Amino acid sequence: MKPDAFVRAAAQPVATWRGGITRAIYAYPPEHLTQLAAAHVWIGTATIERDCAYSVFANRTRIHLPICGNGLHLHFRQPDAAMDLHNFAQTTFAGDRPLDVTLLDGPVQAFNLIFHPAVQADLQVLHLTARAGRTPLAALPPGAVASKQTVRVIYAVNGACTCAEAGGRPVTLQAGDAFVQTPDSEIRVFGGREAANVVVVASLLF
């Protein structure tokens, strides 16, 4: 996938897994967009429609963040641990750690990062309003490692939001759309007419 790409929801490849479906937004290398286990980095959403065991991804780290629904109960094994995960809360765990999920009250949609442990990854949730103005997402500092690839994925959870790079043409995202950017310049994100727009921002350095 080329940098600075607008990824409409309708263009995101859909795949099935034992708990529901996934929608792929970004992968590196790009030819592994539909091969989660093979990708060095994979970003997308998953719909969890039933109680089940999560997929296993050897030698990968996962960040899991529900964005729609009434939350999940996660039961980890090796070692045993349990937690409830509600909307816009996130948890990071090893991709090969056995994990069973129970729906708290109906289906849930979650935002997922799956990546090699050498990758630096971060998830940020922004709550935007039209009155709040533009929220700046800074470029990487001049001292960042130039030899590494840097990617930022901006995903619109609900409503419409606009992304505007300095000197670039603004891009409007509807719910489910994403914008993939190489963050060598500042980008500003602002909400639409809705009372509140929620945006998930994934930042990667690898």
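Look up: the structure comes first, before these words.
Residues numbered from 1 in each chain as written. Predicted model: local features only at pLDDT ≥ 70, side-chain atom pairs only at ≥ 80, totals over all residues. Heavy atoms only, no water.

(A) Molecular detail of the overall build of the chain. Looking only at helices and strands, the chain features zero helices and 19 strands. With 206 residues in all, the chain has 46% of them scored as buried. Pairs at least 24 apart in sequence give 67% of the contacts found in the chain among residues at least 6 apart. Summing over all exposed atoms, the chain offers an accessible surface of approximately 9,700 Å²; the carbon and sulfur share of this is 52%. (Helix = DSSP H or I, 4+ residues; strand = E, 2+ residues; numbered from the N terminus. Buried < 20%, exposed > 50% of the residue type's maximum accessible area, 1.4 Å probe, protein only. Contact = heavy atoms within 4.5 Å. Areas by Shrake-Rupley, 256 points an atom, 1.4 Å probe, with all protein chains shown as cover.)

(B) Quick peek at unusual backbone geometry. Cis geometry is adopted by the peptide bond preceding Pro29, which originates at Tyr28 and carries an omega value of -5°. The peptide bond linking Gln78 to Pro79 adopts the cis configuration, its omega dihedral lying at 0°. Assignment of secondary structure puts Pro79 in the loop between β7 (72-76) and β8 (81-85). A positive phi angle is found at Asn59, which is not glycine, with a value near 55°. The topology assignment puts Asn59 in the loop between β5 (52-53) and β6 (61-68). Phi is positive for Phe88, which is not a glycine, with a value near 70°. On the secondary structure map, Phe88 appears in the loop between β8 and β9 (91-94).

(C) Summary view of the environment of His73. In this fold, His73 is placed in strand β7. Note: C-alpha distance between His73 and Val101 (28 residues apart in sequence) is 5.7 Å. Excluding its chain neighbours within four sequence positions, the residues that come into contact with His73 are Ala82, Met83, Asp84, Asp100, Val101, Thr102 and Leu104.

(D) Representation of the sheet that holds strand β3 (residues 20-28) in the model. Taken in spatial order, the six strands of this open sheet run β2-β3-β4-β11-β6-β9, and their pairing is antiparallel. Where the open sheet ends on each side, the last strands, each with one partner, are β2 (14-17) and β9. Taking the axes of each pair of neighbouring strands and ignoring which way they run, one obtains an average angle of 30° across the sheet. With eight bridges joining them, β3 and strand β4 (residues 41-48) adopt antiparallel strand pairing. Looking across to β4, one finds that Ile21 is bridged to Thr47. (Pairing = 2+ DSSP bridges. Axes fitted to C-alpha atoms, helices over the stretch in contact; angles between N-to-C directions.)

(E) Molecular detail of the sheet that holds strand β10 (residues 99-103). With antiparallel pairing, the four strands of this open sheet are ordered in space as β5-β10-β7-β8. Strands with a single pairing partner mark the edges of an open sheet, and in this sheet they are β5 and β8.

(F) Highlighting the environment of His32. Tracing the sequence through the fold places His32 in the loop between β3 and β4. Filtering out sequence-adjacent residues up to four positions away, His32 remains in contact with Ala27, Ala38, Ala39 and Trp42.

(G) Examining the nonpolar core more closely. Ranked by size, the top nonpolar core spans 24 residues in total, and within it Tyr26, Ile43, Phe111, Leu113, Val153 and Leu204 carry the most contacts. Secondary structure elements with two or more residues in this core: β3, β4, β6, β11 (108-115), β14 (150-156), β17 (178-181) and β19 (197-205). Per-element tally for this core: the top contributor is β19, with four residues. With residues up to four places along the chain from it excluded, the contact list for Val153 reads Ile25, Tyr26, Ile43, Ala178, Phe179, Val180, Val200, Val201 and Ala202. (Core = buried A, V, L, I, M, F, W, Y, C linked by side-chain atoms within 4.5 Å.)

(H) Examining the packing of aromatic side chains more closely. Under the counting rule described, the total for this entry stands at four aromatic pairs. Each ring, one from Trp17 and one from Tyr54, has its centre 5.7 Å from the other, and the planes form 75°; the classification is edge-to-face. Of the two residues, Trp17 is situated in strand β2 and Tyr54 in the loop between β5 and β6; the sequence distance between them amounts to 37 residues. A relative accessible area of 6% means that Tyr54 is categorised as buried. (Phe/Tyr/Trp six-rings, centres within 6.5 Å; stacked < 30°, edge-to-face > 60°.)

Everything listed is a geometric property; what it means functionally is a separate question.
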